[in-house]
Amino acid sequence: MITIEKTVSLHSLISNINYKLSMKTTDYLSLDTNATKKICDELQSLLADFQVYYTNLRGFHWNVVGQQFYRLHNEFEELYDEASDQIDEIAERILMLGETPKHNFSDYLKANKVKESGVVTDGKEAVKHVLDYLKVLIAKEREIVELAGDAGDEVTVGLMVGYLEGQEKTVWMLTAYLS
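This one's a predicted model, so the numbers in the text were calculated from it and none came from an experiment.

All chains considered together, the criterion is met by 1 cavity of 30 Å³ or more. Volume-wise, the largest cavity comes out at about 40 Å³. Along its surface, the largest cavity is lined by Tyr53, Leu79, Glu82, Gln86, Leu134, Gln167 and Thr170. Looking at the lining of the largest cavity, the elements that each hand over two or more residues are α3 (69-96) and α6 (154-178). Looking at which element gives the most residues to the lining of the largest cavity, the answer is α3, with 3 residues. Each residue belonging to the lining of the largest cavity can be placed in one class, and the counts come to 3 nonpolar, 3 polar and 1 charged.

Now the structure itself:
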């Protein structure tokens, strides 16, 4: 009798563990799994672009020289700090939608549209690069807004809209700087 109880208890424990392992956040989000897969694919691509963008910003921060050094050095630091936070948010959103964010630079370099910059010391050249990168990020984020909106994924839409708001202001300020 004790053996039977232990067997039933062990079976119950294993069933409970298997149930918990099969549970996903998407089981509770009321989102279509096919749609979230597509959204995650686009978020993975955006994550790759953000990682390269972040790395380029670090390089600009380190290497810029000239009369505008102090101003641009600080600006690039603010931009890469913001990008770092956004990278984390994108990766966490991918996890919330049931996927695993890629984290290898080799994966990023296969999927990115933002290209590595190399060493750039001229401030105006670096700012032009940043504007080009923001153009890529903004286009991708708008695609994700549309895709997520069609899927009823308001959280991803909100995340992207927040990025767009800040990036559009940055574009305005950087183009004014170059004028």
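What follows picks up the thread again.
Looking now at the confidence of the model for the chain. Per-residue pLDDT for the chain has a mean of 91; in total, 87% of the residues score no lower than 70. The low-confidence segment residues 18-22 (pLDDT under 50) makes 2 contacts with residues lying over four places distant or belonging to another chain.

What follows is about the nonpolar core. For soluble globular proteins, the rule of thumb is that nonpolar side chains tend to be buried together. Counting residues in hydrophobic clusters, the biggest one holds 41 residues, and the most contacted among them are Leu43, Phe50, Tyr53, Leu57, Phe76 and Val130. Mapped onto this core, the elements with two or more residues apiece are α2 (33-63), α3, α5 (123-150) and α6. Apart from the residues within four sequence positions on either side, Phe76 is in contact with Leu57, Phe60, His61, Val64, Ala126, Val127 and Val130.

The next thing to look at is the packing of aromatic side chains. Within the structure shown, the criterion is met by 7 aromatic pairs. Ring geometry for Tyr53 against Tyr133: centres 6.2 Å apart, planes inclined by 80 degrees, an arrangement best described as edge-to-face. Of this pair, Tyr53 sits in helix α2 while Tyr133 sits in helix α5, placing them 80 residues apart in sequence. Accessibility classification places Tyr53 together with Tyr133 in one group, the buried group. An angle of 50 degrees between the planes, with centres 5.6 Å apart, marks the rings of Phe60 and Phe76 as tilted. Of this pair, Phe60 sits in helix α2 while Phe76 sits in helix α3, and the two are 16 residues apart along the sequence. As far as burial versus exposure is concerned, Phe60 and Phe76 are alike and both buried. The rings of Phe50, Tyr53, Phe60, Phe76, Tyr133 and Tyr163 are connected pair by pair, giving a single aromatic cluster. The ring of Tyr80 is capped by Arg58, whose NZ or CZ atom sits 4.1 Å from the centre of that ring.

Cut-offs used in this document
Residues numbered from 1 in each chain as written. Predicted model: local features only at pLDDT ≥ 70, side-chain atom pairs only at ≥ 80, totals over all residues. Heavy atoms only, no water. 1 Å grid on protein atoms, 1.4 Å probe; cavity = no way out; pocket = protein on both sides within 12 Å on 5 of 7 lines; lining within 4 Å. Points joined across faces, edges and corners; volume = space filled by probe spheres on them. Helix = DSSP H or I, 4+ residues; strand = E, 2+ residues; numbered from the N terminus. Nonpolar A, V, L, I, M, F, W, Y, C, P; charged D, E, K, R; others polar. pLDDT = per-residue confidence, 0-100. Contact = heavy atoms within 4.5 Å. Core = buried A, V, L, I, M, F, W, Y, C linked by side-chain atoms within 4.5 Å. Buried < 20%, exposed > 50% of the residue type's maximum accessible area, 1.4 Å probe, protein only. Phe/Tyr/Trp six-rings, centres within 6.5 Å; stacked < 30°, edge-to-face > 60°. Lys NZ or Arg CZ within 6 Å of the ring centre and 35° of its normal.

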